[in-house]
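Chain by chain, the residues run as shown.
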Amino acid sequence: MADLSLQVAAAAEAWQKYEMLTASLSQDLCEQLRLVLEPSQATKLRGDYRTGKRLNMRKVIPYIASQFRKDKIWLRRTKPSKRQYQIMLAIDDSSSMGFNHSKQLAFESLVLTANALTLLETGELWCRLLGKCTISRACCQLQLFCFCSFGDTVKLLHPFSATFSNQAGANILQQFTFEQKKTRYTQLLQQATAVMVESRNRQHGTSGRPETAQLLLIISDGQGVFSEGTDSIKKAVRQACEANVFLVFIVLDEPKNKVSVLDTKISQFQADGKPPVVLSYMEEFPFPFYVILRDINSLPQILSDALRQWFELVSASGH
């Protein structure tokens, strides 16, 4: 019992340490996400306001004629979207992550992302942006967020339905061992897709609930992606995409590693007994959207760019 208490205290201390290290970055990411989400949540410009996003040209002449007294000449985005967003963060818990600085990068990424999303919105509560909500409650349709670990097995650490807190974050850290011997990406995609589809169906089963767009964000060193077979991983990626789960893979490429993932090569066997061809690992990488992270300070920009593209694709496709 005493050992368990020590583990809990150590996890809480570790969460607090990573929180302090990434505090400014979390606020930066939160603000960037706010700028991305605000126009995507309210889609139509309407007037008349004293401040806004765009001038109502029909009001400009009466404004001048009134000697600048009728100053309600601005349009604002006022019609909220009926779409919700869900994000699952999957972190590699395999032993390859523990051999180098990738473990710390992963934890910093987890805490940074969790705190940024908590600032933006906690569970199904209304958004709180740095203590001040700048988006109307009617247009906050986010449901954030879910965490899981993967390696030999996939483990759901924090479901969509649970409210996030520092204690929940410490509990997540405590469950990572970085001792799993294999990294089963195919299994991750299959189980994560099933969880997200089930969550989306549960939302749609409730009368009047809006559509739900979903993102699976994978953080890993990217090693062994083809270990379960090239066809297997490509099929899993395709099935996730067909289920309308958007995939973004953040490859942790620790600068202290002797070999960068960009320098990794793989051999591809050919038919008819021809000699194998040596190819670049990243050129054959099966995930269509990926970024390589070497510096945690660049994560806010990377994530905001990825999410911005996701929101744009969702809006364009109508899914």
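Please refer to the structure higher up on the page.
So, a few notes on the structure that sits alongside this text. Predicted model only: the values in this text are computed from it and were never measured. (Residues numbered from 1 in each chain as written. Predicted model: local features only at pLDDT ≥ 70, side-chain atom pairs only at ≥ 80, totals over all residues. Heavy atoms only, no water.)

1. As for the overall build of the chain
Here is step 1 of the chain: Across its full length, the chain carries 8 helices and 11 strands.
Here is step 2 of the chain: Within the chain, the fraction of its 319 residues that count as buried is 45%.
Here is step 3 of the chain: When contacts within the chain are restricted to residue pairs at least 6 apart in sequence, long-range pairs at least 24 apart make up 75% of them. (Helix = DSSP H or I, 4+ residues; strand = E, 2+ residues; numbered from the N terminus. Buried < 20%, exposed > 50% of the residue type's maximum accessible area, 1.4 Å probe, protein only. Contact = heavy atoms within 4.5 Å.)

2. Some words on unusual backbone geometry
Here is step 1 of the chain: Located in the positive-phi region is Phe 178, a residue other than glycine, with phi close to 55 degrees.
Here is step 2 of the chain: Topologically, Phe 178 is positioned in the loop between α5 (166-174) and α6 (185-204).
Here is step 3 of the chain: Notably, Asn 244 is not glycine yet its phi reads approximately 65 degrees, a positive angle.
Here is step 4 of the chain: The class for Asn 244 is partly exposed, based on a relative accessible area of 38%.

3. Considering the packing of aromatic side chains
Here is step 1 of the chain: Under the defined criterion, the tally for this structure stands at 18 aromatic pairs.
Here is step 2 of the chain: Here the aromatic rings of Tyr 185 and Phe 249 are separated by 5.9 Å at their centres, their planes lie at 40 degrees, and the arrangement is tilted. Taken together, the residues Tyr 185 in helix α6 and Phe 249 in strand β8 (residues 245-252) connect sequence positions 64 residues apart. Each member of the pair, Tyr 185 as well as Phe 249, is classed as buried.
Here is step 3 of the chain: The interplanar angle of 85 degrees and the centroid separation of 5.0 Å between the aromatic rings of Phe 249 and Phe 285 together place this pair among those described as edge-to-face. One end of the pair, Phe 249, is in strand β8; the other, Phe 285, is in the loop between β10 (277-280) and β11 (290-293), with 36 residues separating them in the sequence.
Here is step 4 of the chain: A relative accessible area of 8% places Phe 285 in the buried class.
Here is step 5 of the chain: Among the aromatic residues, those joined into a ring-pair cluster are Phe 150, Tyr 185, Phe 226, Phe 249, Tyr 281, Phe 285, Phe 287 and Tyr 290.
Here is step 6 of the chain: A cation sits over an aromatic face here: Lys 17 above Tyr 18, 4.7 Å from the ring centre. (Phe/Tyr/Trp six-rings, centres within 6.5 Å; stacked < 30°, edge-to-face > 60°. Lys NZ or Arg CZ within 6 Å of the ring centre and 35° of its normal.)

4. Comments concerning the nonpolar core
Here is step 1 of the chain: Membership of the largest hydrophobic core comes to 50 residues, with the highest contact counts inside it found for Phe 147 and Trp 310.
Here is step 2 of the chain: Among residues more than four places away in sequence, those in contact with Trp 310 are Tyr 85, Gln 86, Ile 87, Ala 213, Gln 214, Leu 215 and Phe 246.
Here is step 3 of the chain: In this structure, Ala 192, Ile 218, Val 225 and Phe 285 belong to the second largest nonpolar core, which totals 29 residues. (Core = buried A, V, L, I, M, F, W, Y, C linked by side-chain atoms within 4.5 Å.)

5. Examining the environment of Val 278
Here is step 1 of the chain: Within the fold, Val 278 resides in strand β10.
Here is step 2 of the chain: On the accessibility criterion, Val 278 (58% relative accessible area) is exposed.
Here is step 3 of the chain: Beyond its immediate sequence surroundings of up to four residues, Val 278 is in contact with Lys 265, Ile 266 and Ser 267.

6. Describing the pattern of salt bridges
Here is step 1 of the chain: Evaluated as defined, the whole model comprises 2 salt bridges.
Here is step 2 of the chain: The shortest N-O distance in the salt bridge between Glu 198 and Arg 202 comes to 2.7 Å. On the criterion of helical spacing, the pair formed by Glu 198 and Arg 202 is a turn pair, its members being 4 residues apart in helix α6.
Here is step 3 of the chain: Look at Glu 198 and you get partly exposed, because its relative accessible area is 44%. (Salt bridge = Lys/Arg side-chain N within 4 Å of Asp/Glu carboxyl O.)

7. Structural notes on the state of the cysteines
Here is step 1 of the chain: According to the stated counting rule, one finds 0 disulfides in the structure shown.
Here is step 2 of the chain: Note on Cys 148: no disulfide assigned, nearest cysteine sulfur contributed by Cys 146 at a separation of 6.3 Å.
Here is step 3 of the chain: Residue classification places Cys 148 among the buried residues on the basis of a relative accessible area of 3%. (Disulfide = S-S within 2.5 Å.)

8. Notes on the side chain of Ser 199
Here is step 1 of the chain: For Ser 199, the location among the structural elements is in helix α6.
Here is step 2 of the chain: In this structure, Ser 199 is in contact with Gln 86, Phe 160 and Gln 214, ignoring residues within four places of it in sequence.

9. Description of the environment of Arg 34
Here is step 1 of the chain: Along the chain, Arg 34 falls in helix α1 (residues 2-41).
Here is step 2 of the chain: Along the sequence, Arg 34 and Leu 120 sit 86 residues apart, while their C-alpha atoms lie 7.3 Å from each other.

10. A word on helix α4 (residues 102-120)
Here is step 1 of the chain: With 19 residues, α4 should reach 27 Å at 1.5 Å per residue; the first-to-last C-alpha distance of 27 Å fits that figure.
Here is step 2 of the chain: Counting buried residues in α4 gives 16 out of 19 residues, a clear majority hidden from the surface. (Expected span 1.5 Å × (residues − 1).)

11. Quick look at the side chain of Asn 115
Here is step 1 of the chain: Counting through the fold element by element, Asn 115 comes out in helix α4.
Here is step 2 of the chain: With relative accessibility at 11%, the residue Asn 115 sits in the buried group.
Here is step 3 of the chain: Once you skip the residues sitting within four places of it in the chain, Asn 115 turns out to touch Trp 15, Glu 19, Ser 26 and Asn 166.

12. Some words on helix α7 (residues 230-242)
Here is step 1 of the chain: Here α7 contains 13 residues, and its C-alpha end-to-end distance of 18 Å stays within 8% of the 18 Å for a straight helix at 1.5 Å per residue.
Here is step 2 of the chain: When α7 is considered as a whole, its buried residues turn out to be Ile 233, Ala 236, Val 237 and Ala 240. The arc enclosing the buried residues of α7, seen along the axis, measures out at 100 degrees, which places them on a common side. Turned more than 90 degrees from where α7 packs its buried face, Asp 231 and Glu 242 sit exposed.
Here is step 3 of the chain: Among the residues trailing α7, Asn 244 stands out with phi positive, at a value near 65 degrees. (Arc of directions from axis to C-beta.)

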